[in-house]
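# Tertiary structure, described
Chain by chain, the residues run as shown.
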Amino acid sequence: MTTDPLTLVMWIYLAMTIAMIGLWALHRVVRNASIADAGFCFGLIAAILWYAAHASGETERKVLVVVMVSLYAGRLGFFILFHRIIGKTEDPRYRRLRDRWGPSESWRMFGYFHLQAVAVALFSLPVLVVIQIPRAPFGFWELAGFLLWIVAVAGETVADRQLTRFREQPWNHDRVCREGLWYFSRHPNYFFEWLQWWSYVVMAIGAPGWPLTWIGPVAMGYALVYVTGIPPAEEQALAHRGEDYRQYQRTTSAFVPWVPKTGRPTGSG
């Protein structure tokens, strides 16, 4: 077994580059770029399974990490598959990108798919560090990180289900969801997605390579808050829900769940 993280990650990057080229070609046929997001999720599972088979580390810890990543990424991947891809029109965020990119849309989208390959390699690093922790499982920090992971994945699952259930009601088509976790945050699903990556930071405290685990929450937090998460989602919400969403922005935290500045508006969904 090899223990060199760089070698392991480079193999994952090369494999994911090939896979994403194939998914990019498929997306040109079905015209749905959400395939890239599902590819990230299932690619991450494949990466961790490969690490578990080839990296050094205790078997019990490998099993735990494989289960954690498979449940997190598998749930999100199947959610994207059934709610944004199969039988669905393309996410408006991607349609707007195509319009802005104009004639260069094809190659810019190719670059976006390639970034997903980079992301799989990057976000697999924190998990690889945990797999290779050179101590007997399971100590205090690993159990604490696992408990944090449970809270994060459960929170993201609940937030997704609450929003899906709200949107399934035809009378809520142009209304802002303020149900459950969405009463305390405009993007609770993104918050718990970010929180999930902190679990690996906690699990690896005191282990070699611990600074690499910070890649997860730092990179994911930046992407969600400033790039691929909140900005395009809010642009879409403002375009479709107008003043109701502006009121939501004025009263409700964008990311971290918090008590709104005012009470629940009368008649809101």
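Residues numbered from 1 in each chain as written. Predicted model: local features only at pLDDT ≥ 70, side-chain atom pairs only at ≥ 80, totals over all residues. Heavy atoms only, no water.

## Details of the overall build of the chain
Using the following cut-off: Strands here mean DSSP runs of E at least two residues long; helices mean DSSP runs of H or I at least four residues long; both are numbered from the N terminus. In this scheme, a residue with accessible area under 20% of its type's maximum is buried, one over 50% is exposed, and one in between is partly exposed, where area comes from a 1.4 Å probe on protein chains only. Contacts were defined at the residue level, with two residues in contact if any of their heavy atoms lie within 4.5 Å. Accessible surface area values rest on a Shrake-Rupley calculation with a 1.4 Å probe, where residue burial reflects the displayed protein chains alone. Charge convention: Lys and Arg are scored as positive, Asp and Glu as negative, and His as well as the terminal groups of each chain are ignored. By convention, the charge on Lys lies at NZ, on Arg at CZ, on Asp at CG and on Glu at CD.
In terms of helices and strands, the chain carries 9 helices and 0 strands. In sequence order, the chain lays out its α and β elements as α-α-α-α-α-α-α-α-α. Overall, the C-alpha framework of the chain stretches about 60 × 45 × 25 Å when taken along its three principal axes. Within the chain, buried positions represent 49% of all 269 residues. Long-range contacts, defined here as pairs at least 24 residues apart, represent 80% of the contacts in the chain between residues at least 6 apart. Summed over its atoms, the accessible surface of the chain is roughly 13100 Å², and 68% of this surface lies on carbon and sulfur atoms. Both charge centroids of the chain, one from 25 positive and one from 19 negative side chains, sit 5 Å from each other.

## Considering the side chain of histidine 187
Structurally, the position occupied by histidine 187 is in the loop between helix H6 (140–167) and helix H7 (188–203). Filtering out sequence-adjacent residues up to four positions away, histidine 187 remains in contact with Trp182, Ile230, Ala233, Glu234, Tyr245, Ala254 and Phe255.

## Here's the deal with the confidence of the model for the chain
Operational definition: pLDDT expresses how confident the predictor is about each individual residue, on a scale running from 0 to 100.
This prediction gives the chain a mean pLDDT of 92; 96% of its residues lie at or above 70. When mean pLDDT is compared element by element in the chain, H7 scores highest at 98, while helix H4 (residues 92–101) scores lowest at 88. Every residue in residues 265–269 scores below 50 in pLDDT, and together they form 11 contacts with partners more than four places removed in sequence or on other chains.

## Describing the pattern of salt bridges
As a reminder, the rule being used: Between Lys or Arg on one side and Asp or Glu on the other, a salt bridge is scored when a side-chain nitrogen of the former is within 4 Å of a carboxyl oxygen of the latter.
Taken as a whole and assessed by the stated rule, the structure comprises 13 salt bridges. Measuring nitrogen to oxygen at the nearest pair gives 3.6 Å for the salt bridge that ties glutamate 156 to arginine 75. In this pair, glutamate 156 sits in helix H6 while arginine 75 sits in helix H3 (residues 59–85), placing the two residues 81 residues apart along the sequence. Since its relative accessible area comes to 5%, glutamate 156 is described here as buried. Taken together, the shared-partner salt bridges connect Arg28, Glu90, Arg98 and Glu105 into one network.

## Quick word on the packing of aromatic side chains
Definition in use: Stacked, edge-to-face and tilted are the three classes for Phe, Tyr and Trp ring pairs, Trp counted by its six-membered ring, which pair at centre distances within 6.5 Å; planes under 30 degrees apart are stacked, over 60 edge-to-face, the rest tilted.
Counting across every chain of the model gives 24 aromatic pairs. Judged by centre distance (5.1 Å) and plane angle (90 degrees), the rings of tryptophan 24 and phenylalanine 110 are edge-to-face. Placement of tryptophan 24 in helix H1 (residues 5–30) and of phenylalanine 110 in helix H5 (residues 105–131) is noted, with a sequence separation of 86 residues between them. Here tryptophan 24 falls in the buried class, since its relative accessible area comes to 14%. Residue phenylalanine 110 is classed as partly exposed on the basis of its relative accessible area, which comes to 26%. For the pair tyrosine 112 and phenylalanine 113, a centre-to-centre distance of 6.3 Å together with 85 degrees between the ring planes defines the contact as edge-to-face. As far as burial versus exposure is concerned, tyrosine 112 and phenylalanine 113 are alike and both buried. Grouped by ring-pair contacts, the aromatic residues Phe191, Phe192, Trp194, Trp198, Trp210, Trp214 and Phe255 constitute a single cluster.

## Concerning helix H8 (residues 215–227)
In an α-helix, one full turn covers 3.6 residues, which means residues spaced three or four apart are oriented alike. Definition in use: Here the arc refers to the set of directions running from the helix axis out to each C-beta atom.
For H8, the complete set of buried residues consists of Gly216, Pro217, Met220, Gly221, Ala223 and Leu224. In a view along the axis of H8, the buried residues occupy a sector of 165 degrees, so they form one face of it. Residues Val218, Tyr222 and Tyr226 are exposed on H8 and point more than 90 degrees away from its buried face. Here the buried face of H8 lies against H5, H7 and helix H9 (230–251).

## Quick word on the nonpolar core
Short version of the rule: Only buried residues count toward a nonpolar core. Its members are Ala, Val, Leu, Ile, Met, Phe, Trp, Tyr and Cys residues joined through side-chain atoms within 4.5 Å.
Among the nonpolar cores identified, the biggest contains 63 residues, and Ile48, Tyr51, Tyr72, Phe113, Trp197 and Tyr200 are the most heavily contacted of them. In terms of residue count, the dominant contributor to this core is H5 (14 residues). Setting aside anything within four residues of it in sequence, one finds tyrosine 51 in contact with Leu8, Val9, Ile12, Ser124, Leu128 and Ile131. Listed in part, the 9 residues of the second largest apolar core include Cys177, Trp182, Ala237 and Tyr245.

## Focus on a nonpolar patch on the surface
Stated precisely, the cut-off is as follows: Only residues whose relative accessible area exceeds 30% and that form no salt bridge enter a patch; like-charged residues are grouped when within 9 Å of one another, and nonpolar side chains (Val, Leu, Ile, Met, Phe, Trp, Tyr) when within 5 Å.
A cluster of nonpolar side chains, Leu6, Met10, Trp11 and Leu14, forms an exposed patch at the surface whose accessible area comes to about 440 Å². Given the relative accessible area of 40%, methionine 10 is considered partly exposed.

## Some thoughts on the environment of alanine 38
As for its placement among the helices and strands, alanine 38 is situated in helix H2 (residues 34–54). Note on alanine 38: relative accessible area 5%, which makes it buried. Once the C-alpha coordinates of alanine 38 and phenylalanine 78 are considered, the two residues, 40 residues apart in sequence, prove to be 7.5 Å apart. Excluding anything up to four places from it in sequence, alanine 38 contacts Gly77, Ile80 and Ile85.

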